[in-house]
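Survey of secondary and tertiary structure
These are the residues of each chain, in order.
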Amino acid sequence: MRRALALGAGLALACQSPPSTQVTRCIADLPAPPSMAQAASLAVTPTVLWAKPITRAITGEHLALAGDRLIVSAGATVLFLDRNGERIASRASTAFDGMSSPVVDEAGTVYTAGASAYAIDAAGEFRWVTPFPAGVSGRPFVLGPHGLVYTGATDGALWAFETATGRVAWRREIGVNPGNAPPRVAAGAGNAVLAVTRGAPGQLFDALDGTPLAPTPEAELYGLMFGNQIGLVARRMEDSPGVYPRMTIAALDGCSRTTWSIAPSRPQWPALLATGDRLLVVERDDVERSPTFLAVYGPDGARLAGPSPAPPPWVVGADGTVIGLFCDGSGYDGPSRLVGLSIDGAIGELWRVELGEACPKTGPVLAADGVLYFTWLRGDVTELVAVQTTSPGLASSSWPVAKHDNRGTSWLR
Amino acid sequence: MAPRWPTSASASTRCSALVVAAAGLLVGSTARAESGWLVAVSDGVTLEVPLFAGAHVYTVEEEGGGLDARLEVVGAAGPVGSDEDSGVDRMAHLRLEADCPAPCRIDVGAGASVTLVWDQERETSDADGDGLGAELEVFLGTDPNDPDTDGDGLSDGIEIEGLETDAGIVKLRRWGADPLTADIFVEADWQPCDPIVESCGINMSLDQHRLSDGAVARFAAFFAPDFALHVDHGQWGGGERRAQGEYGCNPDLLGPRFGMFHQAVTSALGSGGGADYAFCFGGDSVRMGVMAQELGHNFGLEHGGNPRGESVNCKPHYRSPMNYAYTYDPSVVGFSRGTNAVELRPTALDELAGLGTNDPAILAGLAAPPFELTVRPDGAIDWNRDGRFDPLVRGAPTWAYASCEQSMTHNQSLGDGWDPTLAWVGGRMALVHRAGDGALALRWATRFDLCDPALIAAACTDLGEASVPIPGAVSSSAPALAATDQGSLLVVWADPARHLRAAELDVETWRERGAVDDVEVSGDPAVVVVGGRVLVLAPAAQGLYRWELGADGFGAPIAERWTDGAPIAAGPGVAPALAGDELFAAIPEGPLGLIELGRLDVATDRWERMPETIWQVARGYAAARPGLAWAHDRLYLAWKPFPYGAALLTMSEGLDRAPEATSQRLRFLRPNLFTNIWGTIAGAASLAWDPEAASLRGAWGFGTTSSRVTFYPFADGIVDLVLRDQDDYAFIRDHLACSLSASCP
């Protein structure tokens, strides 16, 4: 079932029809909210299963999981690993250029970008390669449902490629970020793709042709993730004298209107969405290594729980367990541990696993058998780590982990 | 009058113990008693000797100790002097204006422990002018006649007392300075992490790119124990978050620390840079091998160590973070000590001797990336990678898959221009390039032996800056060159209408050889002389075509085919090379330019596609005509990767295609960077064999949107140099001081 973006019950915030000339500027064609049903927890004891060196190269922001295959971008190579971390196949880029974090479609085709946009099939063979202009390179893709993948490139443009052919469907210049960093294509929902460039007037673009959609009415309010009910979760950096960002958190409707917001009384930022579009927010004091707190908000902005002492949420499991990640060191130093949390009612700890003297670097994937995978750096070596959890896969929420799902598609389903 | 601080009983006991502990040093002789220092003093000490007018008494902060000390010196008759400078963060310093007869009591009001120094001779016996009296230096163990005993560029006095200026206080002692240990101080700023557009870790820290304590420990380990590395990554008030544009090689950023600190900035993964013989560098906040290398550059170390002129990257026996082959090697956690006495000479390598060791760990390291050398348990190493172990070979021991610059030695930039192409003609090397307007121009090199081994970055050929235009030759793509059997130079090009043209230089006279006006080529042409025939190959109309160039000009085009009858698809252009009496060609096919190796089958006059197995690791994709050459009994292949990037180079083990062969096989090694990851190639690559010097020469345009003609006289990496290990620590020691002020000679 498809619908226009409507917001929390009781707030009458469904997207109001703007003047006819602007109708198409709002987000449309959004999927219905997913089931609220939660699976039973696995009867296992959470523990670290293994950690294996997989490369000396730098890996990207997140892993991907396609069936029983883990996919890792390691420098100029995409690695296809089995669930034991053993290499099945690999594919080097044509120019030995660095490959971005992978996204995977239902057929197992991997999309990644470097000096070219690459589609790589499950056997590690190129399906297509589309070059960027000389000197231009792309960043991680967002995979949409319209047969297109999206990336921001160092030429300051948002690029859309056809997944079937690699043909450039459209390209729109939106500007680069400070330091000539490319636009960050963060997410997509319905007919909209979200691309963040600091200082640019708009961030939502029509997924099919790149036409700008309704710009954010407030300056510097940048989108992060979409929820079926909550809308677009956005944040704005307020003055932060200390180490941690004070973010005003806002929910925007499909026409980019603010429906509710949370002003920061101390550093805070949005993390994930649990089932029912419950927004998980991290709070802490503006003191380095201060304790972290977790607050839970409903899709209407009502605070449901917390703030309670808890590590920042990292994954939401299918059993409703929020898996928090505690990293005590700076940078990627440990010690670190995973903590299973219940957020139904009061926030409480269910289990904890000490990880060791490093902190994960990549966003994780969580398989149906409860095994969580991520990478971390031990010195200059990247290790793949497997941890048994109680959660049989990801929650059915709209944003249960960074990059939204195990495949890293970043598109609201 | 300064207040006096009552001494508690427990404190007195503690101080007494200190005095007793120091008594042997202080009271054993009158002279020694007049100067001294004591650590961890919290209340005061009583000296059993007098202090005289002119003595200096001061406190020095200790890590974790007091920050606001005040002093009072009290003799038997009452107070003799006090220091009222009690501003926060300032330690006390008092010059006695009158004698303090024994027992002379020095009270310290610091609230926490400090180091107390009293120096009777600062004004009367400081021969080296370092601010420490001679007896105090004896007590400290420093050299009274050397202002910088440990040679680290920081004077003994400053390492003890620190430095107070109007711009701030430099508390070297508190931060770990020791005048007897060479110290290296670094102020490490960091770029902010922007959580809107970056990944700032689970803690969403704006300081995600700041060096962590663990990273600092790993960084310091590279220098220990010879040098004590101290890094202010924010804990001492120096290192701070700095937005882009707010950092750089700027002494002002260090303020009063300039001349004592190196200045660094750390950032997200994947960056690094360090100025030679200077005080500033940067790198990412995770990989400390990179940071060690960049700081090593500050001390003048190059990727091959020292001296700079002979610094060749990726020497296998130089295990240093300076060496690209070892920068990321987790087993390399320190600089090289120069313990490997083996000298490697690429022009004369003893594979049986290897590196003079059969240490399994070392051999295993050489067998692993990035060298991937074949080794034997007895220590033999297949330096030239031909699958055999021989007592004397030519090879490139610096060949490794790590941006190793093995072909970069003595390279020569010849100004703006595109697609330089080489041919060995009558005992000299021709180099033709096209200018920005397409005009072709020629240079000759007759000498390649003008190399100063101490200046590997300097050119050593007689190739001149100036080139001579080829009359009427304007090319839309890379030109093609060949030597005729008569010893003249043949040039083929595609004109602006993409029609083939040919000209021949016989002695000093150019003459036109013909044109093809009815076919538009779609890529770079190639020309080869084989068996008395001149063959021109060029992509056109989705395929690869051949023309024979005879006395009457170009013949009719023939569509090239594989031996299975399939047409050869057009690519950017092919590279033929004669290997003995066989003609091979690197043939990039299709839109990605997937490189195939073909051998012209004389019987069928078609190209035999070499099997997939010749590509040992990864196939190449060429965006322009590659370069192929037969040299050292193997094929070398260079190309511009698709769609752009650093020039790539590989070589085959040999040419043996027999299934049972175990050495010198037709198998290409893993593609390697021709120079380094910054060596972006603009267009076609060219390789040519110099039979007189037995060297492989190379040329290509360096750049992306612009291009500089660059010549590589030792493309095979085989240079007549002696490659040695070296002691980095000794070199660093020699440059500790001058690097601080960027004043090294």
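Given the structure is predicted, the values throughout are model-derived calculations rather than measurements.

**A word on the overall build of chain B**
Secondary structure summary: chain B contains eight helices and 40 strands in total. Computed over the C-alpha atoms, the radius of gyration of chain B is 35 Å, more than 25% above the 27 Å expected from 2.2 N^0.38 for a compact globule of 745 residues. Every one of the 745 residues in chain B was classed for burial, and the buried ones make up 58%. Within chain B, contacts between residues at least 6 apart in sequence are counted, and of these 58% link residues at least 24 apart. Of the roughly 27000 Å² that chain B leaves accessible, carbon and sulfur atoms contribute 52%. Once the 52 positive and 103 negative side-chain charges of chain B are each reduced to a mean point, those two points are 8 Å apart.

**Focus: the interface of chain A and chain B**
Each partner contributes residues to the interface: chain A has 52 residues there, and chain B has 44 residues. The contact between chain A and chain B buries some 3800 Å² in all, and 60% of this surface belongs to carbon and sulfur atoms. In terms of surface lost to chain B, no three residues of chain A exceed A:R56, A:F96 and A:D380, which account for 16% of the buried area on that side. Inspection of the region where chain A meets chain B yields two salt bridges. A salt bridge links B:D194 to A:R198; its shortest N-O distance comes to 2.4 Å. For the pair chain A and chain B, the interface holds 14 residue pairs in polar contact (both at pLDDT 80 or more). When residues in the side of chain A that touches chain B are grouped by element, the largest group, three residues, is from strand 11 (residues 126-131) of chain A.

**Structural notes on the state of the cysteines**
Under the definition given, this model contains eight disulfides over all chains. Disulfide partner of A:C26: A:C255, at an S-S distance of 2.1 Å. Since a negative S-S torsion denotes a left-handed disulfide, the A:C26-A:C255 link at about 110° is right-handed. In this pair, A:C26 sits in the loop between strand 1 (2-3) and strand 2 (30-31) while A:C255 sits in the loop between strand 21 (247-252) and strand 22 (258-262), placing the two residues 229 residues apart along the sequence. A sulfur-sulfur distance of 1.9 Å marks the disulfide that ties B:C738 to B:C744. Taking the torsion about the sulfur-sulfur bond, which here is approximately 85°, the covalent link between B:C738 and B:C744 counts as right-handed. For B:C738, a relative accessible area of 13% translates into the label buried.

**Things to note about the pairing of strand 11 (residues 182-190) of chain B**
All names here are of chain B. For strand 11, a buried count of nine out of nine residues is recorded, marking the element as mostly surrounded by other parts of the structure. Where burial is concerned, the two faces of strand 11 agree: the one with A182, I184, V186, A188 and W190 and the one with D183, F185, E187 and D189 are both buried. Taken together, strand 11, helix 5 (residues 213-221) and strand 12 (residues 227-232) form a β-α-β motif whose crossover is right-handed. Sheet topology places strand 11 next to strand 13 (residues 261-267); six bridges connect them, and they run parallel. Its bridge partner lying in strand 13, D189 is registered against V265.

**Structural notes on the sheet that holds strand 14 (residues 157-162) of chain A**
Pairing between sheet strands relies on hydrogen bonds along the backbone, with the strands arranged either parallel or antiparallel. All names here are of chain A. Strand order in the open sheet formed by four strands is 12-13-14-15, and the pairing between neighbours is antiparallel. Where the open sheet ends on each side, the last strands, each with one partner, are strand 12 (142-143) and strand 15 (168-173). As paired strands, strand 14 and strand 15 are joined by five bridges and run antiparallel to one another. Residue pairing for strand 15: F161 is matched across the bridge by V168.

**A closer look at the pairing of strand 36 (residues 648-651) of chain B**
Residues and elements named next belong to chain B. The alternating pattern of strand 36 places L648 and T650 on one face and L649 and M651 on the opposite face, and all of these are buried. Taken together, the two bridges between strand 36 and strand 37 (residues 672-673) define a ladder with antiparallel strand orientation. Looking at the pairing, L648 lines up with L673 of strand 37.

**Regarding helix 5 of chain B**
Of the residues making up helix 5 of chain B, those classed as buried are B:A215, B:V216, B:F219 and B:A220. Angularly, the buried residues of helix 5 of chain B cover 135° about the axis, an arc narrow enough to put them on a single face. For helix 5 of chain B, the secondary structure elements touched by its buried residues are strand 29 (333-342) of chain A together with strand 12, strand 15 (280-284) and helix 6 (288-298) of chain B.

**Examining the packing of aromatic side chains**
Residue and element names in this part refer to chain A. Here the structure, examined in full by the defined rule, presents 32 aromatic pairs over all chains. With a centroid separation of 5.5 Å and an interplanar angle of 20°, the aromatic rings of Y150 and W411 are classed as stacked. Of this pair, Y150 sits in strand 13 (residues 148-152) while W411 sits in the segment after strand 33 (381-388), placing them 261 residues apart in sequence. Neither Y150 nor W411 differs from the other in exposure class; each is buried.

**Some details on the sheet that holds strand 21 of chain A**
All names here are of chain A. Ordered by their spatial adjacency, four strands build an open sheet running 19-20-21-22, and the pairing between neighbours is antiparallel. Two strands close off the open sheet at either side, each with one partner strand: strand 19 (222-227) and strand 22. If you compare each strand with its neighbour and ignore which way they point, the axes differ by 25° on average. Alignment of strand 21 against strand 22, held across four bridges, turns out to be antiparallel. Within the sheet, the bridge partner assigned to L252 lies in strand 22 and is T258.

Calculation rules
- Per-chain numbering applies: the sequence of each chain, read as written, is numbered from 1 onward.
- All chains are assigned letters beginning at A, and all ligands numbers beginning at 1, according to the order in which they are written.
- In keeping with the predicted nature of the model, local features appear solely for residues at pLDDT of at least 70, side-chain atom pairs appear and are counted solely at 80 or more, and the whole-chain, interface and lining totals rest on all residues.
- With hydrogens and water excluded, all non-hydrogen atoms of the structure serve as input to the side-chain values.
- Helix and strand definitions here come from DSSP, where helices need a minimum of 4 consecutive H or I residues and strands a minimum of 2 consecutive E residues; each element is numbered from the N-terminal end.
- The globule rule used here is 2.2 Å times the number of residues to the 0.38 power, and the radius of gyration it is set against is calculated over C-alpha atoms.
- A simple rule labels every residue: compare its accessible area, found with a 1.4 Å probe on the protein chains alone, to the largest value its type can have, and call it buried under 20%, exposed over 50%, or partly exposed in between.
- Here a residue-residue contact requires only that any non-hydrogen atoms of the pair lie within 4.5 Å.
- What sets the accessible areas is the Shrake-Rupley method with a 1.4 Å probe; for residues, cover comes only from the shown protein chains.
- Residues counted as positive are Lys and Arg, residues counted as negative are Asp and Glu, and His and the chain ends are not counted.
- Think of each charge as sitting on NZ of Lys, CZ of Arg, CG of Asp or CD of Glu.
- Computed with a 1.4 Å rolling probe, the buried area is the accessible surface lost when two parts are put together, summed over both parts.
- The term salt bridge refers to a pairing of a side-chain nitrogen on Lys or Arg with a carboxyl oxygen on Asp or Glu at a separation within 4 Å.
- Polar contacts here mean pairs of N or O atoms no more than 3.5 Å apart (in protein, one a potential hydrogen donor and the other a potential acceptor; neighbouring residues in sequence count only if both atoms are side-chain atoms).
- Cysteine sulfur atoms that come within 2.5 Å of each other are treated as a disulfide pair.
- With strands facing away from the observer, any crossover in which the path from the first strand over the helix to the second runs clockwise is taken as right-handed.
- Pairing between two strands is assigned when DSSP locates at least 2 bridges connecting them.
- This arc corresponds to the set of directions leading from the helix axis out to the C-beta atoms.
- Aromatic rings from Phe, Tyr and Trp, taking only the six-membered ring of Trp, are treated as a pair when their centres fall within 6.5 Å; an angle between ring planes under 30 degrees marks them as stacked, one over 60 as edge-to-face, and anything in between as tilted.
- For helices, the fitted axis covers only the stretch in contact; all axes are lines through C-alpha atoms, and the angles between them, taken along N-to-C directions, range from 0 to 180 degrees.

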